[in-house]
Amino acid sequence: MKQIIELNVNGESYTVAVNPWQTLNEVLREEINLTGVKLGCGSGDCGACTVMVDGRAVSSCLSLAVEMVGKEIMTVEGMAPSGEELHPIQESFVKKGAIQCGFCTPGMELTALNLLNNNPSPTYNEIREALAGNLCRCTGYKKIIEAVGAAGQKMKEASERKTS
Ligand code: FES
Ligand code: FES
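This text gives an overview of the structure that appears in the document.

Conventions adopted
Residues numbered from 1 in each chain as written. Chains lettered and ligands numbered in written order. Predicted model: local features only at pLDDT ≥ 70, side-chain atom pairs only at ≥ 80, totals over all residues. Heavy atoms only, no water. Helix = DSSP H or I, 4+ residues; strand = E, 2+ residues; numbered from the N terminus. Patch = residues over 30% accessible without salt bridge, like charges linked within 9 Å, V, L, I, M, F, W, Y side chains within 5 Å. Areas by Shrake-Rupley, 256 points an atom, 1.4 Å probe, with all protein chains shown as cover. Salt bridge = Lys/Arg side-chain N within 4 Å of Asp/Glu carboxyl O. Core = buried A, V, L, I, M, F, W, Y, C linked by side-chain atoms within 4.5 Å. Buried < 20%, exposed > 50% of the residue type's maximum accessible area, 1.4 Å probe, protein only. 1 Å grid on protein atoms, 1.4 Å probe; cavity = no way out; pocket = protein on both sides within 12 Å on 5 of 7 lines; lining within 4 Å. Points joined across faces, edges and corners; volume = space filled by probe spheres on them. Nonpolar A, V, L, I, M, F, W, Y, C, P; charged D, E, K, R; others polar. Expected span 1.5 Å × (residues − 1). Contact = heavy atoms within 4.5 Å. Phe/Tyr/Trp six-rings, centres within 6.5 Å; stacked < 30°, edge-to-face > 60°. Lys NZ or Arg CZ within 6 Å of the ring centre and 35° of its normal. Pairing = 2+ DSSP bridges. Axes fitted to C-alpha atoms, helices over the stretch in contact; angles between N-to-C directions.

**Some thoughts on unusual backbone geometry**
As a rule of thumb, non-glycine residues mostly have phi less than zero, and peptide bonds are mostly trans rather than cis.
Piece 1. At Asn10, a residue that is not glycine, the phi angle is positive and equals roughly 55°.
Piece 2. With respect to the secondary-structure elements, Asn10 resides in the loop between β1 (3-9) and β2 (12-18).
Piece 3. Even without a glycine there, the phi angle at Asp54 is positive, about 50°.
Piece 4. The residue Asp54 is located in the loop between β3 (50-53) and β4 (56-59) in this model.

See below:
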């Protein structure tokens, strides 16, 4: 039997009727129409479905929607809330040519955000490690790693400017 729940996604509240077994991925894509979140393997192996929940990157294919009540969910659509300017990570992916088909990009960017929030100046290897659970079927890893490094630098400079 369906339950009516309220989900907070990208700062907006959505009331949805869900079955207890429906994943967050399915509800985001099919009920809320946020198709930036992708479904790849459906089993926690590819990272394409990554979203942020209460500031932590999680696999939406492994999370039940009913368990997300009261939490703050962010999808790639929420990274640049004004809709006018891209988030520095997104900008960096574009500038560095780190996008090919784009299927892995939302998950990569949210995993990168998770990393940079915790470690603003990651080394090349730290970025590689952080992205180890995100697969790119186009195999553009080098540019993705470079883009994350450049975004980290940019975000760090911006926060230093704010505090000086
Ligand atoms: S679709 Fe969730 S990890 Fe692959
Ligand atoms: S850009 Fe195609 S899967 Fe990564």
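**Describing a nonpolar patch on the surface**
Piece 1. A contiguous nonpolar patch, built from Leu86, Val94 and Ile99 and spanning about 250 Å² of accessible area, is present on the exposed surface.
Piece 2. Inspection of the secondary structure puts Ile99 in the loop between α2 (88-95) and α3 (105-118).

**Remarks on the nonpolar core**
If you look at soluble globular proteins, the nonpolar side chains tend to sit buried side by side.
Piece 1. The biggest cluster of nonpolar side chains holds 22 residues, and the ones touching the most others in it are Ile89, Phe93, Met108, Leu113, Leu131, Ile144 and Val148.
Piece 2. For this core, the secondary-structure elements that each account for two or more residues are α2, α3 and α5 (141-163).
Piece 3. Membership of the second largest hydrophobic core comes to 19 residues, among which are Val9, Leu34, Ala65 and Ile73.

**Observations concerning the layout of surface pockets**
Piece 1. By volume, the largest pocket is sized at about 230 Å³.
Piece 2. Counting residues per element, the lining of the largest pocket draws most heavily on α5, which supplies six residues.
Piece 3. Class assignment of the residues belonging to the lining of the largest pocket gives a composition of four nonpolar, two polar and five charged.
Piece 4. Roughly 160 Å³ of volume is contained in the second largest pocket.
Piece 5. In this structure, the second largest pocket is lined by Asn8, Asn10, Gly11, Met52, Asp54, Gly55, Glu72, Ile73, Met74 and Gly78.

**A word on α3**
Each turn of an α-helix holds 3.6 residues, which means side chains three or four residues apart point in the same direction.
Piece 1. Compared with the 20 Å implied by 1.5 Å per residue over 14 residues, the 20 Å span of α3 between its first and last C-alpha is a close match.
Piece 2. What α3 keeps buried is the set Thr105, Pro106, Gly107, Met108, Glu109, Leu110, Thr111, Ala112, Leu113, Asn114, Leu115 and Leu116.
Piece 3. Residues of α3 that are buried in the fold lie against β3, β4, β5 (72-74), α2, α4 (124-130) and α5.

**Details of the packing of aromatic side chains**
Piece 1. According to the stated counting rule, one finds zero aromatic pairs in the structure shown.
Piece 2. Lying across the ring of Phe103, Arg137 places its NZ or CZ 4.5 Å from the centre.

**Focus: the pattern of salt bridges**
Piece 1. Taken as a whole and assessed by the stated rule, the structure comprises three salt bridges.
Piece 2. Two residues, Glu91 and Lys154, come together in a salt bridge whose shortest N-O distance is 2.0 Å. On the criterion of sequence distance, the pair formed by Glu91 in helix α2 and Lys154 in helix α5 is long-range, its members being 63 residues apart.
Piece 3. Taking relative accessible area as the criterion, Glu91 reaches 24% and is therefore assigned partly exposed.
Piece 4. Notably, a salt bridge pairs Glu146 with Lys142, separated by 3.1 Å at the nearest N-O pair.

**Considering the sheet that holds β3**
For sheets, the rule is that strands pair by backbone hydrogen bonds, running either parallel or antiparallel.
Piece 1. In spatial order, the strands read β2-β1-β5-β3-β4; together these five strands make up an open sheet with mixed pairing. In the strand order of this sheet, the two ends are held by β2 and β4, each with one partner. Recorded for the sheet is a direction-independent mean angle of 40° between the axes of neighbouring strands.
Piece 2. Relative to β4, β3 runs antiparallel, the two sharing four bridges. Counterpart to Met52 in the pairing with β4 is Ala57.

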